[in-house]
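# Inside the fold
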Amino acid sequence: MDKKFYITTPIYYVNDKPHAGHAYTTLVADVLARYHRQNGEDTFFLTGTDEHGSKIAEAAAKHNQTPQEFCDQVSGVFKTAWDKDHLGIAYDYFIRTTDPNHEQAVRDIFQKLLEAKTPANNPVLYEGEYAGLYCTGCEKFLTEKELVNGLCPDHKRAPEVLKEKNYFFRLADYLPAIEQKIVSGELQILPEHKKNEALGFIKQNVPDFSVSRSSVKWGVDLPFAPGQVAYVWIDALSNYITALGYPKNLELMAKYWPADVQLMAQDISKFHTIYWPALLMALNLPLPKTMFIHGFFTIDGQKMSKSIGNVIDPNDLVAQFGQDGTRYLLLSQFPLGQEADLQASLFKERYNNDLANGLGNLVARTANMIETYLAGKNPITKKNSLNLNNDLPDLNKFFIYEYLVAIRSLIDQANRLIDEKKPWQLVKTDLASTQEVLGQVGELIILVAEKLAPIMPAISAKITKQFTSDIIKKEEALFPRLN
RNA sequence: CGCGGGGUAGAGCAGUUGGCAGCUCGCCAGGCCCAUAACCUGGAGGUCGUCGGUUCAAGUCCGACCCCCGCAACCA
């Protein structure tokens with residue numbers, strides 16, 4: 001039986017176009033997905049857009065569009081940014097929470113929740129009257145304790161006093177089990193400090209939360225609760241299973257669920273580490289195996305911000321550095337998971353150094369020598385004449401940054417080999433040795449290309465094709481130097 | 001007693017389980033001339049924030065302290 005690998009990104013909120021942060025998360029998922037596909041695993045990679053909520057309705061109104069028109073448009077912008085002419089994200093399915101299938105699935109999920117019992121044999125959902133302070137920015141009720149000077153600390157606006165009868169999720173009955181699963185590693189949360197954070201949430205005792213809203217119009221309406229729509233987070237989190245057909249069509253569910261890796265940034269960790277497992281348990285579904293929560297990065301030392309004007313549009317990067325160049329630049333700057341700085345001011349320098357002077361130049365000089373010294377005859381023998389160490393840092397352990405460092409050293413190794421053996425001198429006296437050396441360099445190049453496939457798929461394929469042909473010719477620069 | 005991140009060469013950063021302190025850029029000197037003014041070698045430059053502890057051995061573990069940054073909006 002084939003091994004399977006199911007990886008998800010969060011679905012992105014469509015109140016604005018994608019930026020470097022969305023691109024980063026999505027890219028990481030893409031790299032892991034490609035890596036697992038390369039290893040022959042049956043891989044399913046899910047991403048998409050989150051389209052409900054009052055903020056979307058507001059944004060749509062501002063643009064004189066219906067919410068649906070607005071969502072269609074922005075969701076399309078995301079798809080474009082990921083497509084093969086841009087970042088090259090090879091997702092298997094792109095879900096939208098306004099998909100009729102998803103909406104119906106959410107209704108079905110609510111129906112199931114309505115009928116479900118907690119481990120303590122209480123109904124999972126119960127009706128309650130909630131009178132609370134609701135912040136439309138957060139899409140949630142705030143406690144008085146959370147307010148700062150009467151304002152939402154996150155949005156600096158006064159919450160509205162809202163009284164509504166809605167359904168609550170009996171989270172309390174699930175917290176002990178969630179804690180146990182996190183502690184035991186049955187639900188692995190990475191990096192470690194994020195795991196501690198999740199356990200911290202539980203220690204602080206997360207209250208039951210309401211799962212329906214009467215104050216919101218743009219959402220999945222709930223037949224059993226006229227006038228109410230699904231709380232956006234229930235709607236959003238469900239995407240990871242509705243995308244697989246849950247609950248109507250269980251074929252893909254059986255194949256792929258539980259998710260192997262769920263990636264996200266830290267802002268939504270609480271929803272994923274607490275609410276999401278609770279929801280799954282209430283539905284009697286297994287929990288995802290691993291959640292990887294990465295930090296936010298600053299850009300040149302400053303918080304990414306519209307008002308500062310340093311928000312990076314991934315499409316602009318692709319236009320300047322190409323698809324693979326952009327992918328490399330975003331992934332090579334800091335280890336995955338950390339809060340770190342993305343040095344946009346160094347993009348060009350790194351591009352020139354690592355890609356143009358490094359990989360690109362190596363490929364060019366090697367191909368050129370093979371073409372001129374060996375009449376292009378491919379000198380690569382299959383044997384591992386260099387005793388190459390194939391062990392790179394494990395992408396499965398999220399060592400993407402470290403992996404790239406190792407690849408750079410392979411490139412250095414190839415350059416050093418050329419300089420040591422000086423094929424341009426060798427060729428005058430010893431054609432056989434020249435052929436051997438260039439064959440070894442070629443081996444290294446092919447190895448680099450193979451290892452690079454998940455990260456720079458297009459370039460990797462180009463190099464592989466060039467160096468597995470019978471006749472190797474010098475081709476146009478892979479990464480033209482930028483000035 | 002809020003939460004979190006960080007302080008390692010001039011700059012920007014690595015350093016998985018403690019075992020000779022690394023990478024990129026920049027700088028200096030040399031080499032090479034196949035290549036995208038690229039490539040290679042050598043060098044200068046660090047008391048790894050401070051103090052104390054554990055250890056044969058600590059950037060890496062423990063304790064205390066100092067300093068910087070994020071925790072409005074947009075938002076991975």
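Up top is the structure these notes are about.
Note on numbering: residues in each chain are counted from 1, in written sequence order. Labels are handed out in written order, letters beginning with A for the chains and numbers beginning with 1 for the ligands. Note on the predicted model: pLDDT of at least 70 is required for a residue's local features to be given, and 80 or more for side-chain atom pairs to be given and counted; whole-chain, interface and lining totals, by contrast, use all residues. Excluded from the side-chain calculations are hydrogens and water; all other atoms, namely the structure's heavy atoms, are used.

### A word on the pairing of strand β11 (residues 261–265)
Counting buried positions over the 5 residues of β11 gives 5, a clear majority of the element. A simple rule labels every residue: compare its accessible area, found with a 1.4 Å probe on the protein chains alone, to the largest value its type can have, and call it buried under 20%, exposed over 50%, or partly exposed in between. Runs of E in the DSSP output that reach at least two residues are strands. Runs of H or I that reach at least four are helices, and both are numbered from the N terminus. Both faces of β11 are covered, namely the face carrying V261, L263 and A265 and the face carrying Q262 and M264. Pairing between strands is defined by DSSP: at least two bridges between them are needed. Strand direction decides the pairing type here: strand β1 (residues 4–13) and β11, joined by 2 bridges, are parallel. By the bridge assignment for β11, I7 is matched with V261. Direction of pairing for β11 relative to strand β12 (residues 290–294): parallel, over a ladder of 5 bridges. For Q262, the partnering residue across the bridge sits in β12 and is M291. For the handedness criterion, the strands are oriented away from the viewer, and a crossover whose path from the first strand over the helix to the second runs clockwise is classed as right-handed. Note that the unit made of β11, helix α10 (residues 269–282) and β12 has a crossover that is right-handed.

### With respect to the packing of aromatic side chains
Two measures describe an aromatic ring pair: the distance that separates the ring centres and the angle between the ring planes. Pairing of aromatic rings covers Phe, Tyr and the six-membered ring of Trp, with a centre-to-centre limit of 6.5 Å; geometry is then stacked below 30 degrees between planes, edge-to-face above 60, and tilted otherwise. Applying the stated criterion across every chain yields a total of 24 aromatic pairs. Judged by centre distance (5.7 Å) and plane angle (35°), the ring pair of F169 and Y174 falls under tilted. Exposure remark for F169: the relative accessible area of 0% places this residue in the buried category. The exposure class assigned to Y174 is buried, which follows from its relative accessible area of 1%. Through successive ring pairs, a cluster of aromatic residues spans F169, Y174, F209, Y231, W233, F271 and Y275.

### Overview of the sheet that holds strand β2 (residues 42–50)
Across the sheet, which stays open at both edges, the 6 strands sit in the order β3-β2-β1-β11-β12-β7 with parallel pairing between neighbours. If you trace the sheet from one side to the other, it starts and ends with β3 (93–96) and β7 (188–190), each paired once. Neighbour-to-neighbour, the strand axes of the sheet open up by a mean angle of 20°, direction not taken into account. We call two residues in contact whenever any of their non-hydrogen atoms come within 4.5 Å of each other. Note on definitions: angles span 0 to 180 degrees between N-to-C directions of axes, and those axes are lines fitted to C-alpha atoms, for helices only across the stretch in contact. Sheet contacts for helix α3 (residues 67–82): β1, β2 and β3; angle to β3, the most-contacted strand, approximately 160°. Docked against the sheet, helix α6 (residues 192–203) engages β7 and β12, running at close to 120° with respect to β7.

### Details of the pairing of β12
Burial analysis of β12 places 5 of its 5 residues in the buried class, which makes it a mostly covered element. Residue alternation in β12 divides its side chains into two sets, T290, F292 and H294 and M291 and I293, and both sets are buried. As judged from the 3 bridges shared by β7 and β12, these two strands associate in the parallel manner. From the neighbouring strand, Q188 faces β12, where its bridge partner is T290.

### A look at unusual backbone geometry
Backbone torsion omega between Y246 and P247 reads -5°, so that peptide bond is classified as cis. A cis amide bond links W257 with the next residue in sequence, P258, at an omega value of 5°. The topology assignment puts P258 in the loop between α9 (251–256) and β11. Although it is not a glycine, N121 sits at a positive phi angle of roughly 65°. Position of N121 among the secondary structure elements: in the loop between α4 (100–115) and β4 (125–135).

### Considering the environment of K4
Mapped onto the elements, K4 comes out in strand β1. On the basis of relative accessibility, which here comes to 18%, the residue K4 falls in the buried class. Taking the C-alpha atoms as reference, K4 lies 40 Å from L417; in sequence the two are 413 residues apart. Setting aside its immediate chain neighbours within four residues, K4 contacts E41, D42, K255, Y256, W257, P258, D260 and K289. N or O atoms within 3.5 Å of each other form a polar contact, as long as, within protein, one can give a hydrogen and the other can take it, and as long as residues adjacent in sequence are counted only when both atoms are side-chain atoms. A distance of 2.5 Å separates the side chain of K4 from the backbone oxygen of P258, its partner in a polar contact. In terms of polar contacts, K4 uses its side chain to reach the side chain of D260, at 2.7 Å.

### Some points on the side chain of D260
Inspection of the secondary structure puts D260 in the loop between α9 and β11. Note on D260: relative accessible area 11%, which makes it buried. A polar contact of 3.1 Å, which involves the side chain of D260, links it to the side chain of K289. Apart from the residues lying within four places of it in its own chain, the contact partners of D260 are K4, F5, Y6, K289 and T290.

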